[in-house]
Amino acid sequence: MLLLRALDSSREIAFQAILLAHTLLSSTCYERNLPVSPKPRLLPSWDRLCASLLNSSLISFMGYPIRLLCLPPLEPEQEKRRLFEALTRWFTGLATKQPILLVIEDVHWGDDTSLELLHYLARRCAAHPLLLLVSYRSEEVRSSLSRWLTQLDRERLAQEFLLARLSRSDLEMMLRAIFALPLSRQLELPDLLYTLTEGNPFFVEEILKSLIAAGGIFEANGTWERMPLHELHIPRSLHDAVQQRTNELSGSARQVLRLAAIAGCRFDFTLLQQLTRHDEQQLLTLMKELMAAQFVVEESEERFAFRHALTREAVYAELLVRERRKLHGTIAEMMERLYASAYDAHLAELAYHFYEAGMWEKALFYTQRAGEKAQRLYSLWAAIEHFTRALDAAHHLGVFPSPATYRTRGQVYEMLGDFERARSDFEQALDAARTAQDAVAEWQSLIDLGALWAERDYTHTSAFFQRAYEHAHAMGQPPMLARSLNRVGNWHLNVEEPLDALRCHQEALTIFQQLNDAHGIAETLDLLGMASYLGGDLVQGTKYYEQAITLFRQLDDRIGLTSSLASLTLRGAVSISNTMVSDAATLVELLPDVDMALKIAREIGQRPGEAYALYQLGLCLSAQGEYRRALDTLQQSLLIAEELEHHQWMITAHWATGVLYLDLLSPLIAQHHLKQALRLSHEISSKHWINTTTGSLASAWILQGELEQAEALLTTEFSGDAPVQTMGQRMAWCSRAELALARGDPELALQITRRLSASAANFSEQQSIPRLSKLRSEALIALDQATEAETALLSAQEMATAQGVNPLLWRICVALGTLYQTQSREAEAELAFSAARTIIEELAANIPDGEVQEHFLREAEALLPRTRVTSSPRRAARQAFGGLTEREREVAVLIAKGKSNREIADQLVVSYRTVETHVGAILSKLAFSSRAQIAVWAVEIGLVKQPL
């Protein structure tokens, strides 16, 4: 017998049983008040069971039970024994044909006869292939069930498993499955639900049913929406269950329970003793009664907690509003006296109780400080709750709220990616500052609004930053002036004025260094790093970022650390679009930084930071040819950015995805993403992104052979006399070189590539920029300068190999092979072409979409000379296994091994959505309708060597 304790999770086991060809029988115990009967309550329909026993298909091995059922009735005890024997013979008879899984759920509601039957069955079926799976909830264990469990344990008839509660991520997955939500979409329910249910699936389901029934969550236009929820009402089913258990307590214990519910989910023994005025022994006795009734648990000598937050909510709801308010006030004042010497550790509790008591002056004091503490600890939703209460308390007092309260709440909303609420708070902070004639707060609000608008419109950003700079200059405050310079400098960078940007940041850095302001220095180094990167100097930018990261770690500034770690990966983003000198960092060197950035962003709940880190990770993976992971990562980044309506990060995700499809020789798909990026770049007035996306989109037109389109785009968006200073400008110029080659003007292409190389920061003749070297070599070949072309290609090949830039390396190998062919150097040409084929096959294996994969192979191989090899080993393998890709075959094997989608995702280190896509593709290609069919097919075709 297998005992599952605490949560109801037998369905997944039942599914696996079906997959492994077991017969599944199941039943559920129901909560009823019936007298003990020889007919067990765990069987939902006794008459239906008898009918099944008489079924003609079972007559051959069920003769004994049939005869038994026709016998006259006996005394209750004898009747029960005869029934037990009949049922046992029935189950063992079934087990002679194939293994049986008998699932009994909610046995905590089973009556004595049901428990006795299960005990009898467990004893008699030990030698048969019959697994008895029983689930129960630990908080519902009554005396009869406790005795039954002890008996099973004594006789060693069962193995017990404590089922862990759902984690927050598990709960979010559960909600996504229930509401069919995409990865980016949030109901803003997980945190609230988790706090109340603590990961108990039963509680989650009950609350969701209650919300749907009450209209709190509703379906509209094919998706689930929710109304604003200030609090969740306890479902009647849970409230009744708690009330029934409460009625079994003594009067004193019930009173202690109510006071504890007012005190909170967690409460101190000393506080409770002061409230109840019981002596220590009396209160200990009452606490033991509450613990025995499964209401509370002991966390430490001094600290107790409700076993479930919902239990506390149900008890709390029984009290009248006036009664609650009075008790909150009593608790607040008592806590203030008890914890006078260390009230900082109890800020949240003091703020909550004074607010609920309506004691507004102290509520304002404590909620403001509790919000600031929660913000420092990155407890974002708690911070919002405290700041909102502080504003409400100020309203009740009839005083103007502090600009700082609006500002701090706005900062939290900004971290969560809620643009409109953040803007509203920053604007109210600006109004409050002007009303209070607080010049510093007014300047700060202008800075905040300018930084916020940077994600949507740099025109607004410029206006706010310029006004902030004028304020700071007029007040003559060096720290304010330095921060204003940093913001103005960042604006200059985004409108393609890198020299002005560097000047502003350097001036700010000097001021902060004179002030010995470590935080200001760190922020400035971070901005200098980006100014250097976008200004075309990856080497210097890396140095700035490494210094910034050291300082942010010392300051424990996790927001700054996330930004710098993610941005640092640009030093290795050497894709086919790169035109700059890099530090030649490999994927192995880059991943720890960007993974840490992503981890921190998720830990602190910084949604825009998460989208940015995902973009940088996707860009890095794409540059290394890890297309499968790159596409999945960029899709996640785009979904988050679209959910937040963060236009800047929407641009980055679209652009990076477009560049990836350029790598895959799919210009039509690339154009779709790059056009979106260009449109959004105009909307936010970012000249940097206009130039960057123009260069990439022009390359897509050229790849498709639409040279007039490329020319028109470059003429419209990019000036022919533009300088060669920034990443965006260099990419646009590079596309002009490609266009010149495509139009048969190698001399112009050569001039452009030489200009690009000469203007590259930290460039020397001993170095190579692979993309430029490849373009230069193509121009040289067209100009019959084969020797110089070969030198350029070999240098590019060496650098691309060192960096692991396979998307560019295979192209260089093709160019080398073609050059060698023109010189009749057939052996060297074949080596170069062979190397290109190998890389192409490796890259194709990482393309998740079958059609894109086939297109890439076809287009790439068209650039190679024809060989006698008609089918690659990888393609032959696909044909032999029903057209499944290598990754799809891996998924099929894991399905055959009984793995769930979540387990497959964890094992293959991909997202849950990616696994769902693979499973859907497998079902479609093999014309199957179930996972069980996939499992059987995998065994039969030999993917799985042994039957499972």
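Only a predicted model underlies this, so the values are computations on that prediction, with no experimental measurement involved. (Residues numbered from 1 in each chain as written. Predicted model: local features only at pLDDT ≥ 70, side-chain atom pairs only at ≥ 80, totals over all residues. Heavy atoms only, no water.)

**A short note on the overall build of the protein**
Of the regular secondary structure elements, the protein holds 46 helices and ten strands. In the protein, which comprises 948 residues, the share counted as buried stands at 54%. Carbon together with sulfur atoms contributes 52% to the accessible area of the protein, which is approximately 42,300 Å² in total. (Helix = DSSP H or I, 4+ residues; strand = E, 2+ residues; numbered from the N terminus. Buried < 20%, exposed > 50% of the residue type's maximum accessible area, 1.4 Å probe, protein only. Areas by Shrake-Rupley, 256 points an atom, 1.4 Å probe, with all protein chains shown as cover.)

**Observations concerning the packing of helix α16 (residues 347–357) against helix α18 (residues 380–397)**
It is the contact of α16 with α18, at a shortest axis distance of 11 Å, that shows an interaxial angle of 40 degrees. The chirality of how α16 crosses α18 is left-handed. Residues Ala348, Ala351, Tyr352, Tyr355 and Glu356 of α16 pack against His386, Arg389 and Asp392 of α18. Along the lines of polarity and charge, the residues of the contact of α16 with α18 split into four nonpolar, one polar and three charged. (Axes fitted to C-alpha atoms, helices over the stretch in contact; angles between N-to-C directions. Left-handed = near helix turned anticlockwise from the far one by under 90°. Contact = heavy atoms within 4.5 Å. Nonpolar A, V, L, I, M, F, W, Y, C, P; charged D, E, K, R; others polar.)

**Things to note about the sheet that holds strand β10 (residues 303–306)**
The strand order across the open sheet built from three strands is β8-β10-β9, with neighbouring strands paired in antiparallel fashion. Looking at the sheet topology across the chains shown, the edges are occupied by β8 (266–268) and β9 (296–298). Across this sheet, the average inter-strand angle for adjacent strands is 30 degrees, counted without regard to direction. Alignment of β8 against β10, held across three bridges, turns out to be antiparallel. Within β10, the residue paired with phenylalanine 267 across the bridge is phenylalanine 304. (Pairing = 2+ DSSP bridges.)

**Observations regarding the pairing of strand β3 (residues 100–105)**
A large share of β3 lies buried, amounting to six of its six residues. Side chains Ile100, Leu102 and Ile104 of β3 all project onto a buried face; the interleaved residues Leu101, Val103 and Glu105 project onto the opposite face, where all are buried too. Where β3 and strand β4 (residues 130–136) come together, five bridges link them in parallel fashion. Paired with leucine 102 across the strands is leucine 132, a residue of β4.

**Considering the packing of aromatic side chains**
Inspection of every chain in the model, using the stated rule, returns 14 aromatic pairs. Within the aromatic cluster, the residues linked to one another by ring pairs are Phe267, Phe269, Phe304 and Phe306. When the ring centre of phenylalanine 419 is taken as origin, the NZ or CZ atom of arginine 456, which lies over that ring, is 4.0 Å away. (Phe/Tyr/Trp six-rings, centres within 6.5 Å; stacked < 30°, edge-to-face > 60°. Lys NZ or Arg CZ within 6 Å of the ring centre and 35° of its normal.)

**So, helix α30 (residues 627–644)**
A rise of 1.5 Å per residue sets the reference length of α30, with its 18 residues, at 26 Å; its end C-alpha atoms lie 25 Å apart and thus fit the reference within 8%. Summarising burial for α30: 14 of the 18 residues are buried, a large majority. Glutamate 645 sits one or two residues past α30 and shows a positive phi near 55 degrees. (Expected span 1.5 Å × (residues − 1).)

**What to know about helix α44 (residues 901–908)**
Turning to α44, its buried residues number three or more, namely Asn901, Ile904, Ala905 and Leu908. Angularly, the buried residues of α44 cover 100 degrees about the axis, an arc narrow enough to put them on a single face. Phi for valine 909, located one or two positions after α44, is positive at around 55 degrees. (Arc of directions from axis to C-beta.)

**As for unusual backbone geometry**
For arginine 156, which is not glycine, the phi torsion reads 55 degrees and is therefore positive. Mapped onto the fold, arginine 156 is located in the loop between α6 (143–154) and β5 (159–162). Take arginine 156: its relative accessible area is 78%, and that puts it in the exposed class. Even without being glycine, glutamine 294 reaches a positive phi, approximately 65 degrees. On the secondary structure map, glutamine 294 appears in the loop between α13 (280–292) and β9.

**Some thoughts on the pattern of salt bridges**
Applying the stated criterion across every chain, the model contains 36 salt bridges. Two residues, arginine 754 and glutamate 788, come together in a salt bridge whose shortest N-O distance is 3.7 Å. Of this pair, arginine 754 sits in helix α36 (residues 746–759) while glutamate 788 sits in helix α38 (residues 786–803); the two residues are 34 residues apart in sequence, bridging distant segments of the chain. Overlapping salt bridges bring together Glu420, Arg423, Arg456 and Glu645 as one network. (Salt bridge = Lys/Arg side-chain N within 4 Å of Asp/Glu carboxyl O.)

**Comments concerning the packing of helix α37 (residues 770–782) against α38**
Interhelical geometry of α37 versus α38 gives an angle of 160 degrees and a closest axis separation of 8 Å. Between α37 and α38, the angle is such that the two are roughly antiparallel. α38 is crossed by α37, and the crossing has left-handed handedness. The residues of α38 that touch α37, namely those facing Pro770, Ser773, Lys774, Arg776, Ser777, Leu780 and Ile781, are Glu788, Ala789, Ala792, Leu793, Ala796, Met799, Ala800 and Gln803. Each residue belonging to the contact of α37 with α38 can be placed in one class, and the counts come to nine nonpolar, three polar and three charged. (Parallel < 35°, antiparallel > 145°, perpendicular 65-115°, else oblique.)

**What about the nonpolar core?**
Soluble globular proteins tend to pack their nonpolar side chains together in the buried interior. Ranked by internal contacts, the top residues of the largest apolar core, which has 140 residues, are Tyr615, Trp655, Leu664, Trp810 and Phe856. When sequence neighbours within four positions are dropped, the list of residues in contact with phenylalanine 856 reads Asp663, Leu664, Leu665, Trp810, Ile840, Leu843, Ala844 and Ile847. One finds Leu259, Leu272, Phe354 and Ala393 within the second-largest nonpolar core, a separate group that totals 43 residues. (Core = buried A, V, L, I, M, F, W, Y, C linked by side-chain atoms within 4.5 Å.)

**A closer look at the confidence of the model for the protein**
Per-residue confidence for the protein gives a mean pLDDT of 83, with 83% of residues at or over 70. The model gives residues 7–21 a pLDDT under 50, and that stretch makes 38 contacts with residues more than four places away or in other chains. (pLDDT = per-residue confidence, 0-100.)

**So, a negative patch on the surface**
On the surface, a cluster of negative charge is made up of Asp279, Glu280, Glu298, Glu301 and Glu302. In this fold, glutamate 302 is placed in the loop between β9 and β10. Overall, glutamate 302 belongs to the partly exposed group, its relative accessible area being 31%. (Patch = residues over 30% accessible without salt bridge, like charges linked within 9 Å, V, L, I, M, F, W, Y side chains within 5 Å. Lys, Arg positive; Asp, Glu negative; His and termini not counted. Charge placed at Lys NZ, Arg CZ, Asp CG, Glu CD.)

**Considering the environment of alanine 700**
Structurally, alanine 700 is set in helix α33 (residues 687–704). A relative accessible area of 0% means that alanine 700 is categorised as buried. Sequence separation between alanine 700 and leucine 668 is 32 residues, and the spatial gap between their C-alpha atoms is 7.6 Å. If we ignore the near neighbours within four places in the chain, the residues touching alanine 700 are Leu662, Pro667, Ala670, Gln671 and Leu674.

**As for the environment of proline 770**
By the secondary structure assignment, proline 770 is in helix α37. Looking at proline 770, the relative accessible area reads 4%, which means it is buried. As for proline 770 and leucine 793, which are separated by 23 residues in sequence, their C-alpha atoms are 8.1 Å apart. Setting aside its immediate chain neighbours within four residues, proline 770 contacts Ala796, Met799, Ala800, Gln803, Leu808 and Ile812.

**A word on the environment of alanine 531**
Relative to the assigned elements, alanine 531 resides in helix α25 (residues 518–534). In sequence terms alanine 531 and histidine 505 are 26 residues apart; their C-alpha atoms lie 8.7 Å from each other. Every residue in contact with alanine 531, bar those within four places of it in the chain, is listed here: Leu493, Leu502 and His505.

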